[in-house]
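# Breakdown of the fold
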Amino acid sequence: MRITILKVFAAVAVSLMCAETVSAEENVDLVPKIHGALRTRWEMDLENDASRFQVRNARVTLDGKVAPTIDYFIQTDLCNAGKMQILDAWGRIGITDRLKFQAGQFRMPFGTDCFKAPANYIFANRSFIGKQMCNVRAVGAKLSYTAFSNDMNDLLIEGGAFNPTVISDHNKWVKTLAYAAKIGYRIQNVKLATGIQSIEPDSVRMNLLGGSVTWTCGRWLVEGEYMNKHYTHKAHKSAHAYNFYADYRMPVKVGVFNQASLQARFDGMTAHSSGTRNADGNLVTNHQARNRVTVGGTLSYVYKAVHCDVRLDYEKYFYHSGVAIPEGDGDKICAEMVIRF
């Protein structure tokens with residue numbers, strides 16, 4: 001009799017657990033969420049008295065869940081200055097509440113400014129850190145661990161291994177991998193981040209170190225970031241890059257626009273190589289040393305999930321004397337409209 005009662009209790013317990021699992025799965029919204037960002041612009045190269053129109057980005061993202069602890073993300077740029085490219089395609093599973101495993105194609109966990117998407121750019125053109133120094137997406141896997149998270153502070157640790165090849169080639173067999181790790185810590189309205197990255201796009205390994213501080217208070221956003229890239233075997237002189245900016249936002253009523261913001265930025269970099277050798281087997285300087293001052297303003301129309309920015313920026317460049325300035329890399333004016341939903 002006692003064994004029979006225990007069997008009955010066990011069967012009921014299993015039934016309740018199964019019911020709870022089914023209920024949890026039924027509560028998962030399986031409908032994918034679709035978002036997009038469109039950036040159209042006009043630029044004038046003041047050094048060469050030339051101008052151009054561009055569709056700089058036409059990005060579409062698809063994300064959602066297939067189970068309570070499994071989510072996915074797919075991002076495609078339908079028109080990146082006239083070219084189409086699949087940027088992100090990854091899946092993620094929550095092993096525990098704090099530990100997550102992610103695999104696929106995505107941005108390596110390193111850097112701060114490089115993680116800003118076109119939908120939330122502060123300036124029309126990215127910083128030297130975000131565009132030249134650390135603009136790396138790769139195919140691989142990573143683990144992320146949230147040590148703690150609350151209203152006051154949180155700590156996130158990420159690290160992973162990736163193919164060293166470009167994202168347009170997933171078929172190549174490799175004998176070395178790329179690695180990246182990042183730690184992000186928030187103390188109320190201050191965010192601290194640091195990390196390392198080790199990549200080898202050709203045959204020279206490059207090791208990067210970086211750190212950033214972000215402060216938000218009311219209408220203000222202030223951020224500073226520094227990054228160093230070291231080339232092994234002295235293949236190229238180490239490159240340094242830095243980015244400091246401030247953004248001030250305020251409510252306005254100008255036609256349909258209900259928000260305005262003013263921005264200022266100072267960024268720069270020393271001579272930089274992308275890490276790809278030339279025909280002689282040597283690394284070359286792809287980007288000359290330069291500094292830049294950017295000032296601008298943005299009018300925004302914010303309505304629920306829709307956001308439209310009309311932005312005007314002026315960029316002043318400072319090169320070393322005697323440097324030939326490539327077309328489009330000198331003083332310029334940029335006007336753009338960004339629509340995101």
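Above this note sits the structure.
Predicted, not measured: the structure shown is a model, and the values here were computed from it.

## Brief notes about a nonpolar patch on the surface
Together, Ile 34, Val 60, Leu 62, Ile 74, Leu 78, Met 84, Val 256, Tyr 301, Tyr 303, Val 306 and Phe 341 make up a nonpolar patch on the protein surface, roughly 1,000 Å² of accessible area in all. Put simply, the parts of the chain that give the nonpolar patch at least two residues each are strand S2 (50–67), strand S3 (70–80) and strand S14 (290–303). If you trace the backbone, Tyr 303 turns up in strand S14.

## Concerning the nonpolar core
Met 108, Phe 110, Phe 162, Ile 199 and Met 227 are the most contacted members of the largest nonpolar core, which totals 27 residues. Those elements that place two or more of their residues in this core are helix H2 (128–133), strand S8 (178–187), strand S10 (206–217), strand S11 (220–231), strand S12 (239–254) and strand S15 (306–319). Considering each element in turn, this core owes the most residues, three residues, to H2. In contact with Met 227, not counting residues within four places along its chain, are Phe 110, Gly 111, Ile 129, Met 133, Cys 134, Leu 208, Leu 209, Gly 210, Ala 239, His 240 and Ala 241.

## A closer look at the packing of aromatic side chains
A complete count under the given rule lists nine aromatic pairs for this structure. Geometrically, the ring pair formed by Phe 73 and Trp 90 is stacked, given 5.6 Å between the ring centres and 25 degrees between the ring planes. Residue Phe 73 is found in strand S3, and its partner Trp 90 is found in strand S4 (residues 83–94); the two are separated by 17 residues along the sequence. Accessibility classification places Phe 73 together with Trp 90 in one group, the buried group. Both rings, one in Phe 123 and one in Tyr 245, keep their centres 5.9 Å apart while their planes meet at 85 degrees; by these two values the pair is edge-to-face. Taken together, the residues Phe 123 in the loop between strand S5 (99–107) and H2 and Tyr 245 in strand S12 connect sequence positions 122 residues apart. Positioned over the ring face of Phe 115 is Lys 182, at 4.6 Å from the centre of the ring. Directly above the aromatic system of Phe 123 lies the positively charged group of Arg 265, at a separation of 4.4 Å from the ring centroid.

Conventions we followed
- Residues numbered from 1 in each chain as written.
- Predicted model: local features only at pLDDT ≥ 70, side-chain atom pairs only at ≥ 80, totals over all residues.
- Heavy atoms only, no water.
- Patch = residues over 30% accessible without salt bridge, like charges linked within 9 Å, V, L, I, M, F, W, Y side chains within 5 Å.
- Areas by Shrake-Rupley, 256 points an atom, 1.4 Å probe, with all protein chains shown as cover.
- Salt bridge = Lys/Arg side-chain N within 4 Å of Asp/Glu carboxyl O.
- Helix = DSSP H or I, 4+ residues; strand = E, 2+ residues; numbered from the N terminus.
- Core = buried A, V, L, I, M, F, W, Y, C linked by side-chain atoms within 4.5 Å.
- Buried < 20%, exposed > 50% of the residue type's maximum accessible area, 1.4 Å probe, protein only.
- Contact = heavy atoms within 4.5 Å.
- Phe/Tyr/Trp six-rings, centres within 6.5 Å; stacked < 30°, edge-to-face > 60°.
- Lys NZ or Arg CZ within 6 Å of the ring centre and 35° of its normal.

In short, geometric facts, not functional conclusions.
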